Amino acid sequence: MKKIEAIIKPFKLEEVKDALSAINIQGMTMLEVKGFGRQKGHTELYRGSEYVVDFIPKIKIELVVAQDMVEQVIKTIEKTAWTGKIGDGKIFVSSIEETMRIRTGERGEIAL
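Reference entry: report on the structure contained in this document. (Residues numbered from 1 in each chain as written. Predicted model: local features only at pLDDT ≥ 70, side-chain atom pairs only at ≥ 80, totals over all residues. Heavy atoms only, no water.)

## Details of the overall build of the chain
Link 1 in the chain: From N to C terminus, the chain includes two helices and six strands.
Link 2 in the chain: Mapped from its N terminus to its C terminus, the chain presents α and β elements in the order β-α-β-β-β-β-α-β.
Link 3 in the chain: For 112 residues, the compact-globule estimate of 2.2 N^0.38 gives 13 Å, and the chain exceeds it by more than 25% at 17 Å.
Link 4 in the chain: When the 112 residues of the chain are sorted by exposure, 33% land in the buried category.
Link 5 in the chain: Across the chain, the fraction of contacts at a sequence separation of at least 24, relative to all contacts at a separation of at least 6, is 71%.
Link 6 in the chain: Surface accessibility of the chain: about 7,900 Å² in total, with carbon and sulfur atoms responsible for 52%.
Link 7 in the chain: Counting 18 positive and 17 negative side-chain charges, the chain places the averaged centre of each group 3 Å from the other. (Helix = DSSP H or I, 4+ residues; strand = E, 2+ residues; numbered from the N terminus. Rg over C-alpha atoms; globule rule 2.2 N^0.38 Å. Buried < 20%, exposed > 50% of the residue type's maximum accessible area, 1.4 Å probe, protein only. Contact = heavy atoms within 4.5 Å. Areas by Shrake-Rupley, 256 points an atom, 1.4 Å probe, with all protein chains shown as cover. Lys, Arg positive; Asp, Glu negative; His and termini not counted. Charge placed at Lys NZ, Arg CZ, Asp CG, Glu CD.)

Okay, structure coming up:
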C-alpha cells in the first residue's frame, strides 16, 4: 500500500476529485493548507499599500491506495491538476506498513 499526498491549486480540487472518482478511488482526505515553494510568495496591493503574502493557499489531498493503483492515481492527479503555470503543486508517495478499519478490525488492503 502507498500513501499519495498531492498539493494542488484550490480551484482544481473538484476536477481532481471527480477524476479520481472516475478511476474508482473511494476515499480521500482534503486539507486546506498554506505554503510556498520556488515562487516564494508574492506581493499584493491593498488600499494603495503593498504587502507580501509569504504563504500561498493550497489544497492537500491524501489517499492510501493499493500498489497496483499508484501509477494510475499519480497520472490522474498530474493530468487534472496541471495548468502549466508556476505553483501547480507536488505529489509525494510513501509506503504504508499497515491499515486498519476501526469499525470492523479489518487489516491490510481490504481495510481501504
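Having seen the model, we can carry on.
## Observations concerning the packing of helix α1 (residues 13–22) against helix α2 (residues 70–81)
Link 1 in the chain: Where α1 meets α2, the closest approach of the two axes is 9 Å, and the angle between their N-to-C directions is 150 degrees. Of the possible angle classes, the one that applies to α1 and α2 is roughly antiparallel. As α1 runs across α2, the sense of the crossing is right-handed. Residues E15, V16, A19 and L20 of α1 form the contact with α2, whose own contacting residues are V73, T76, I77, T80 and A81.
Link 2 in the chain: Residues of the contact of α1 with α2, tallied by class, amount to six nonpolar, two polar and one charged. (Axes fitted to C-alpha atoms, helices over the stretch in contact; angles between N-to-C directions. Parallel < 35°, antiparallel > 145°, perpendicular 65-115°, else oblique. Left-handed = near helix turned anticlockwise from the far one by under 90°. Nonpolar A, V, L, I, M, F, W, Y, C, P; charged D, E, K, R; others polar.)

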